[in-house]
Structure formats: C-alpha cells, structure tokens
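In case you want the letters, here they are:
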Amino acid sequence: MHRSVRIRSSSCLAALSLALLGASLAGCYDPNNVSFDYIKGNLSPEMDGLSETSYDIQRSLAVNQDQTLRMFWRDLGVIWLMDQPSMLSPYYVISTNGQPR
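Residues numbered from 1 in each chain as written. Predicted model: local features only at pLDDT ≥ 70, side-chain atom pairs only at ≥ 80, totals over all residues. Heavy atoms only, no water.

Here the focus is the overall build of the protein. Per the secondary structure count, the protein includes three helices and zero strands. In sequence order, the secondary structure elements of the protein are arranged as α-α-α. Among the 101 residues that make up the protein, the fraction classed as buried is 3%. Counting every atom, the protein has about 9500 Å² of accessible surface; 64% of that belongs to carbon and sulfur. (Helix = DSSP H or I, 4+ residues; strand = E, 2+ residues; numbered from the N terminus. Buried < 20%, exposed > 50% of the residue type's maximum accessible area, 1.4 Å probe, protein only. Areas by Shrake-Rupley, 256 points an atom, 1.4 Å probe, with all protein chains shown as cover.)

So, about the side chain of T53. Relative to the assigned elements, T53 resides in the loop between α2 (36-41) and α3 (54-79). Non-local contacts of T53, meaning those with residues more than four positions away in its chain, are made with E46, M47 and D48. (Contact = heavy atoms within 4.5 Å.)

A separate point is α3. Look at α3: 37 Å from first C-alpha to last across 26 residues, which is about the 38 Å you get at 1.5 Å a residue. Remark: L81 follows α3 within two positions and exhibits a positive phi of approximately 55°. (Expected span 1.5 Å × (residues − 1).)

The next thing to look at is the packing of aromatic side chains. Going through the model one piece at a time under the given rule, you end up with one aromatic pair. Between F72 and W73, the ring centres sit 5.3 Å apart and the planes meet at 65°, which makes this aromatic pair edge-to-face. Residue class for W73 comes out exposed when judged on its relative accessible area of 58%. (Phe/Tyr/Trp six-rings, centres within 6.5 Å; stacked < 30°, edge-to-face > 60°.)

This paragraph deals with the pattern of salt bridges. Scanning the entire structure with this criterion turns up two salt bridges. Put simply, D66 and R70 hold a salt bridge, and the shortest N to O gap is 3.2 Å. Placement of both D66 and R70 in helix α3 is noted, with a separation of four residues, approximately one turn of the helix. Judged by its relative accessible area of 40%, D66 is partly exposed. (Salt bridge = Lys/Arg side-chain N within 4 Å of Asp/Glu carboxyl O.)

Take a nonpolar patch on the surface next. Together, V34, I39 and L43 make up an exposed nonpolar region whose accessible area comes to about 340 Å². Tracing the backbone shows I39 in helix α2. (Patch = residues over 30% accessible without salt bridge, like charges linked within 9 Å, V, L, I, M, F, W, Y side chains within 5 Å.)

Here we come to the confidence of the model for the protein. Chain-level statistics for the protein give a pLDDT mean of 75 and a share of 62% at 70 or above. Averaged pLDDT values for the elements of the protein fall to 57 in helix α1 (residues 3-27) and rise to 92 in α3. Every residue in residues 23-27 scores below 50 in pLDDT, and together they form zero contacts with partners more than four places removed in sequence or on other chains. (pLDDT = per-residue confidence, 0-100.)

Right, let's get into the environment of Q84. Mapped onto the elements of the fold, Q84 is located in the segment after α3. Classification of Q84 by relative accessible area gives partly exposed; the value is 42%. In sequence terms Q84 and G98 are 14 residues apart; their C-alpha atoms lie 9.9 Å from each other.

Okay, here's the thing in structure tokens:
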C-alpha cells in the first residue's frame, strides 16, 4: 500500500468519525424535552426581549431604519429649501408633493 493511499484513507476515516461524533452530539438535543430542569433552564425560549421574539426585534429595527431614512430625505429637502415651490413667482404654483402649506 502506498503512503498516499494510507494518508487518504486515514483522513477519510477521521472525517467520517468527526461526522458521526457531530451527529451523535446533535442528537442529544431534544426540543420536545419537558423535564423540570429543561423548562427551568429556559423559561422563555422564543423571547429575546421582555415582550418580543428575535423576529419582532428585527422587524422593529427595520421599520425604524426605514422611517429614519425617509425623515432624513425630508430634512434634506427642508435644509436646501427644496421642500416646496418657490414663492417668488407672481403666479400660483401648484404644490405637487402632497404636503399642505
């Protein structure tokens, strides 16, 4: 038997044993465990905040970021005086941005 064949077979054996070890360790976790110690160890398994799951928190952060960016663009319009038509024209200019004056 050549040396490269032995190295290849031993590395395959090591990879297989690691895969089996990982599968056996993952099998120990039972999500349906209703023992007292399991429940006592994690009283609120789905909650990340006081009243929110991780998805609720992510959704809230996304909504806040969206509102902040929209307010930022509105503020830029106010800073650059581009939020409403110019009042210097002698003719009435219709506001097209939907904001009342």
